[in-house]
Amino acid sequence: MEPTIATFFDLVRPQLLAVETRMRQTTQAHHPALESALEHLLASGGKRIRPTVVLLAGDLLNAPRDRIVTLAAAIEMLHTATLVHDDLIDGALLRRGTPTLNAQWTAGATVLTGDYVFARAAHLAAQTGSLDVMEAFARTLMTIVNGELSQLFRSEGAQTLDDYHERIYAKTASLFELAAHGAAMLASAPAAEAEAMRSFGYNVGLAFQVVDDILDFVGQSTEIGKPVGSDLRHGIITLPVFLFQQLQLLGGGQEHERRSGEEAGTEHRQGDRPER
């Protein structure tokens, strides 16, 4: 019998199906165009990594299953809303090989749809019944928006590695942090365990974004679901660029030392020549 390999997604596959159902549930009537847009967004092939982190953390800490599914749905909806606005700001016409909303609708309609998805996410977060989760959810949303504004209004000066870390925390790691820490909150985990989960989500989020930034240079658009090289085209410096710059500086310094050594050796040899 050949061994089989299970992914993290396989461990929570039934719960992920419940998350998909929860995201599509609504108790309010809304415009038919919104219904179509929501289905377009939710069916566009997202990896569902953030809900998976919520579900795995919740299972590990024995959190109430129904509340964990609701939190997972809230976080994925929040992520989806940020993508709607990101695509509009970046002028992206494709995501995961599918036309974005702003490629089909006006800017105003796209913004309003993103706002509605943000509201749906907040409503789901409230349904977890945890004030701590709601506070963390609101704080994360503020972090994400502040990060996007900081990027839009960044100065023309040199970007630093600290700037990069702050940006990818706001853009990505903050939501992973909420996913793991929120699950711990719903499990009423001890402070030390809750902090360990927060740290786990933070570091997984950073790693996830670093990998994404690498794929922006070496990946294929058909595989990663978006145009490659988009960050650099928008003047956004990511870790691969920082490391390339450091290698260039290091290589330049070594080349300077090599040339200086050669010149010194040449002068030494010329000084040793007897006069004629």
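Quick look at the confidence of the model for the protein now. Within the protein, residue pLDDT values average 86, and 86% of them lie at 70 or more. Helix α12 (residues 239-272) is the least confidently modelled element of the protein, averaging 66 in pLDDT, while helix α4 (residues 49-60) averages 97, the highest of any element.

Per the stated rule, a full pass over the model turns up 1 cavity of 30 Å³ or more. Here the largest cavity is characterised by a volume of approximately 200 Å³. L41, S44, D87, R95 and R96 are the residues nearest the centre of the largest cavity, which is lined by 18 residues in total. Broken down by secondary-structure element, the contributors of at least two residues to the lining of the largest cavity are α3 (32-42), α5 (65-90) and β2 (98-99). Broken down by element, the lining of the largest cavity gets its largest block of residues, 6 residues, from α5. Split into classes, the residues belonging to the lining of the largest cavity amount to 6 nonpolar, 7 polar and 5 charged.

The first and last C-alpha atoms of helix α6 (residues 107-126) sit 29 Å apart over 20 residues, in line with the 28 Å expected at 1.5 Å per residue. For α6, the complete set of buried residues consists of T110, T113, G114, Y116, V117, F118, R120, A121, L124 and A125. Where the residues of α6 are buried, they touch α2 (13-24), α3, α5 and α7 (131-152).

The subject of this paragraph is the packing of α2 against α5. Where α2 contacts α5, the two axes come as close as 9 Å, and the packing angle between them is 60°. One way to sum up the angle between α2 and α5 is to call them oblique. The way α2 lies across α5 gives a crossing that is right-handed. The segment α2 lies against α5, with Q15, A18, V19, R22 and M23 engaging R65, D66, V69, T70, A72, A73, E76 and M77. Of the residues that constitute the contact of α2 with α5, the class distribution is 7 nonpolar, 2 polar and 4 charged.

Further remarks concern the environment of D231. Tracing the backbone shows D231 in helix α11 (residues 230-233). Placed 141 residues apart in sequence, D231 and D90 show a C-alpha to C-alpha distance of 9.6 Å. When sequence neighbours within four positions are dropped, the list of residues in contact with D231 reads D213, D216, I236 and T238.

Mapping Q151 onto the fold places it in helix α7. You can call Q151 buried: its relative accessible area is 15%. Excluding anything up to four places from it in sequence, Q151 contacts R167 and I236.

Attention now moves to the nonpolar core. By size, the foremost hydrophobic cluster in this structure holds 50 residues, and its most contacted members are V19, V54, L55, I68, I75, M77 and F137. Secondary-structure elements contributing two or more residues to this core are α2, α3, α4, α5, α6, α7, α8 (161-186) and α9 (191-218). Of the residues forming this core, the biggest block, 11 residues, is contributed by α5. Apart from residues lying up to four places away in sequence, I68 is in contact with V54, L55, G58, A63, A183 and L186. Core analysis: the next-biggest nonpolar cluster, separate from the first, contains 8 residues, I168, L206, L239 and F242 among them.

Basis of the calculations
- Residues numbered from 1 in each chain as written.
- Predicted model: local features only at pLDDT ≥ 70, side-chain atom pairs only at ≥ 80, totals over all residues.
- Heavy atoms only, no water.
- pLDDT = per-residue confidence, 0-100.
- Helix = DSSP H or I, 4+ residues; strand = E, 2+ residues; numbered from the N terminus.
- 1 Å grid on protein atoms, 1.4 Å probe; cavity = no way out; pocket = protein on both sides within 12 Å on 5 of 7 lines; lining within 4 Å.
- Points joined across faces, edges and corners; volume = space filled by probe spheres on them.
- Nonpolar A, V, L, I, M, F, W, Y, C, P; charged D, E, K, R; others polar.
- Expected span 1.5 Å × (residues − 1).
- Buried < 20%, exposed > 50% of the residue type's maximum accessible area, 1.4 Å probe, protein only.
- Contact = heavy atoms within 4.5 Å.
- Axes fitted to C-alpha atoms, helices over the stretch in contact; angles between N-to-C directions.
- Parallel < 35°, antiparallel > 145°, perpendicular 65-115°, else oblique.
- Left-handed = near helix turned anticlockwise from the far one by under 90°.
- Core = buried A, V, L, I, M, F, W, Y, C linked by side-chain atoms within 4.5 Å.

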